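Analysis of the macromolecular model
Chain by chain, the residues run as shown.
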Amino acid sequence: SRRGAQVRLRERLFFWAGWLALVISASPPLDGAAAHTLSAHMLQHELMMIIGGPLVAAGRPMIPGLWALPASLRALPWWRAQPSLMVAALLHAIAVWIWHAPVLYEAAVLNEGLHAVQHASFVITAGLFWWALLYGRYGRAAYGASALYVFVTMVHSGVLGAIFALSGSPFYALYAQRA
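Residues numbered from 1 in each chain as written. Predicted model: local features only at pLDDT ≥ 70, side-chain atom pairs only at ≥ 80, totals over all residues. Heavy atoms only, no water.

**Looking at the packing of helix 6 (residues 85-99) against helix 9 (residues 143-166)**
Orientation of helix 6 relative to helix 9, taken along the N-to-C sense of each, is 10°, at an axis distance of 11 Å. It follows that helix 6 is roughly parallel to helix 9 by the angle criterion. Contacts from Leu-85, Met-86, Ala-89, His-92, Ala-93, Val-96 and Trp-97 in helix 6 reach Ala-145, Ser-146, Tyr-149, Thr-153, His-156, Val-159, Leu-160 and Ile-163 in helix 9. (Axes fitted to C-alpha atoms, helices over the stretch in contact; angles between N-to-C directions. Helix = DSSP H or I, 4+ residues; strand = E, 2+ residues; numbered from the N terminus. Parallel < 35°, antiparallel > 145°, perpendicular 65-115°, else oblique. Contact = heavy atoms within 4.5 Å.)

**Quick word on helix 7 (residues 102-110)**
Along helix 7, the residues classified as buried are Tyr-105, Glu-106, Ala-108 and Val-109. End-on view of helix 7: buried residues confined to an arc of 155°, all on one side of the axis. Residues of helix 7 that are exposed and point more than 90 degrees away from the buried face comprise Val-103 and Leu-110. (Buried < 20%, exposed > 50% of the residue type's maximum accessible area, 1.4 Å probe, protein only. Arc of directions from axis to C-beta.)

**Brief notes about the packing of helix 3 (residues 38-58) against helix 8 (residues 112-135)**
Where helix 3 contacts helix 8, the two axes come as close as 8 Å, and the packing angle between them is 40°. Taken together, the axes of helix 3 and helix 8 lie oblique to each other. Between helix 3 and helix 8 the crossing geometry is right-handed. Contacts from His-41, Gln-44, His-45, Met-48, Met-49, Gly-53, Pro-54, Ala-57 and Ala-58 in helix 3 reach His-115, Gln-118, His-119, Phe-122, Val-123, Ala-126, Gly-127, Trp-130, Trp-131, Leu-134 and Tyr-135 in helix 8. (Left-handed = near helix turned anticlockwise from the far one by under 90°.)

Right, here's the structure in full:
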């Protein structure tokens, strides 16, 4: 590792633990159950967004990823751009809410390609959100803002869960047919 660009053991463990969570979330037993029950499908989403994405981000994959590129590409300034916490949180919220709209959600369950796009958007936006929280441009000065963004994310995703739980009928007609 030249010029001090090292990946610590802790970061490697976080990265591979995150990938393990992502593999488990897409494994045949859970993926098969997710096709038939909302609870299994939501477990998949939680594994991706609350465990896999944050752990992969904590593993700092950009560091070794950049060193794997030729020097001419590593020199591009946009690689060093820090994501805005507000933008990352907003993108993640949009991905969560848009994909849980009944028409898009059911289309994703019925179409494997669209389902992969749905899950990729969850993992990517969760990773970006957690990267911005952990390694954002303001460092320790942003702990208060980070706590606020985590709280707001918990509230809006909790509201989405409450909509499912308090609905008088199945939120997704597809599961009523399959259950």
